[in-house]
Amino acid sequence: MSSALTDLFPHPIVQAPMAGGVSVPQLAAAVSDAGGLGFLAAGYKTADGLYQEIKQLRGLTGRPFGVNLFMPQPEYADPAAVEVYAHQLSGEASWYETELGDPDSGRDDGYDAKLAVLLDNPVPVVSFHFGVPSGEVLESLRRAGTFTLVTATTAEEALAVQRAGADAVIAQGVEAGGHQGTHRDIPENDGTGIGLLSLVGQIRETVAIPVVAAGGIMRGSQIAAVLAAGAAAAQLGTAFLAATESGAAPVHKQALTNPLFVRTELTRAFSGRPARGLVNRFLREHGRYAPAAYPEIHHLTSPLRKAAAKAKDAQGMALWAGQGHRMARELPAGRLVEVLVAELADARTALSVFPKGDDLR
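Along every chain, residues carry numbers that run from 1 in the direction the sequence is written. Under the rules for a predicted model, residues below a pLDDT of 70 receive no local features and side-chain atom pairs below 80 are neither given nor counted, while totals for whole chains, interfaces and linings still include all residues. Values shown for side chains rest on all heavy atoms present in the structure; no hydrogens or waters enter the calculation.

S.K.: Which parts of the structure should I look at to understand the environment of Asp109?
M.R.: Only DSSP runs of H or I covering at least 4 residues are called helices, and only runs of E covering at least 2 are called strands; the numbering of each starts at the N terminus. Mapped onto the fold, Asp109 is located in the loop between helix H5 (90-95) and helix H6 (111-120). Note on exposure labels: buried denotes an accessible area under 20% of the residue type's maximum, exposed denotes more than 50%, and partly exposed covers the range between, all computed with a 1.4 Å probe on protein chains only. Taking relative accessible area as the criterion, Asp109 reaches 23% and is therefore assigned partly exposed. When the C-alpha atoms of Asp109 and Leu260 are compared, they prove to be 34 Å apart, with 151 residues separating the residues in sequence. Among residues more than four places away in sequence, those in contact with Asp109 are Ala42, Gly43, Tyr44, Lys45, Phe70 and Lys114. Under the rule applied, a polar contact is a pair of N or O atoms within 3.5 Å (in protein, one hydrogen donor and one hydrogen acceptor; residues adjacent in sequence only if both atoms are side-chain atoms). Within the structure, the side chain of Asp109 is placed 3.1 Å from the backbone nitrogen of Tyr44, a separation counted as a polar contact. Note on contacts: a residue pair qualifies if any of its non-hydrogen atoms lie within 4.5 Å across the two residues.

S.K.: Help me understand the packing of aromatic side chains in this model?
M.R.: Each aromatic ring pair is described using two quantities: the centre-to-centre distance and the angle formed by the ring planes. Aromatic contacts are taken between Phe, Tyr and Trp rings whose centres are within 6.5 Å, Trp giving its six-membered ring; a plane angle under 30 degrees counts as stacked, one over 60 as edge-to-face, and the others as tilted. The tally for this structure, following the rule as stated, stands at five aromatic pairs. Ring geometry for Phe270 against Phe282: centres 4.7 Å apart, planes inclined by 20 degrees, an arrangement best described as stacked. Taken together, the residues span a long stretch of sequence, with Phe270 in the loop between strand S10 (264-267) and strand S11 (275-278) and Phe282 in helix H13 (residues 281-286) at a distance of twelve residues. Given the relative accessible area of 2%, Phe270 is considered buried. Taken together, the aromatic side chains of Tyr44, Phe70, Phe130 and Tyr294 make up a single cluster linked through ring pairs.

S.K.: Explain unusual backbone geometry to me, please; I cannot follow it from the model alone.
M.R.: Across the chain, the bulk of peptide bonds are trans and the bulk of non-glycine residues have phi less than zero. A cis geometry characterises the amide bond from Tyr294 onward to Pro295, with omega recorded as 10 degrees. With respect to the element layout, Pro295 can be found in the loop between H13 and helix H14 (296-310). Positive phi values are uncommon outside glycine, yet Lys312 reaches one of about 60 degrees. Along the chain, Lys312 turns up in the loop between H14 and helix H15 (333-352).

In structure tokens, the structure reads:
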């Protein structure tokens, strides 16, 4: 692993940036102070909102942290398909007594303005989701002293990340909660994602840059597994979603271990892009009909999701979660890092005393 990254945080634990109000400054600060790498999510915020959160985070910790950006999305959505889905959701709007959102509310998530904030006020680490930034962008961040990472879901995508000049790649397995960071959204590929350990192995044999493993990791023993597979660090999202400092709604945190929600599924129901969440009523009723249209569907369903959250109705919310959600522990984030580090040490000790091949004969 590049010393430029390992020098930033002593433990191989990265808190995944979770957009939508989960990755608040308090969470990132607690993780960084405990020796991990805390992250802010710039997604769905204004550039000024991002600036204010960075300023707040710097007031909470002197430790390094990261910021995640969403890449602008190409225009390929079928307006007619979006209109049909909007008609299907009209009953939801009536139920929650709200209007559907405007699907044409913007495609680039304020990318250029947010990038300007990060160049004017450099942060230690910046990661990118939903595609690969240009070489010029990556080089400008490097000149500013920022370490860059880009998500990849296949070895081919990881190669594109390396060719663009990123410092490291985040290997996101299909187990991961929230949105899959595929570089191109191809509906024909739905359900064909690669498991994390296989993905880490494939990427390690394809690129020379460091790999950060993400997807379903909830215990220190799993961190040990991805490190043994060749990853330099592990990125955990759902594990920190349940943390005390997380900005997730209490009903979302409770749903992670609620026996009512027995499994997760990749769905386009809430955003028009594949994302893994707990299977609830909304997902069951609408998931099969949602078109490939991001961020149009995200904008369309936004008022519904907000109304459901306000009503504390978990059946109408986007309950993003990875496959390991039942292993969630509602602990202070700093304490969770300590527990993960102890579990990682125990796993390494167990591996070190495991009989060698010669001893088994």
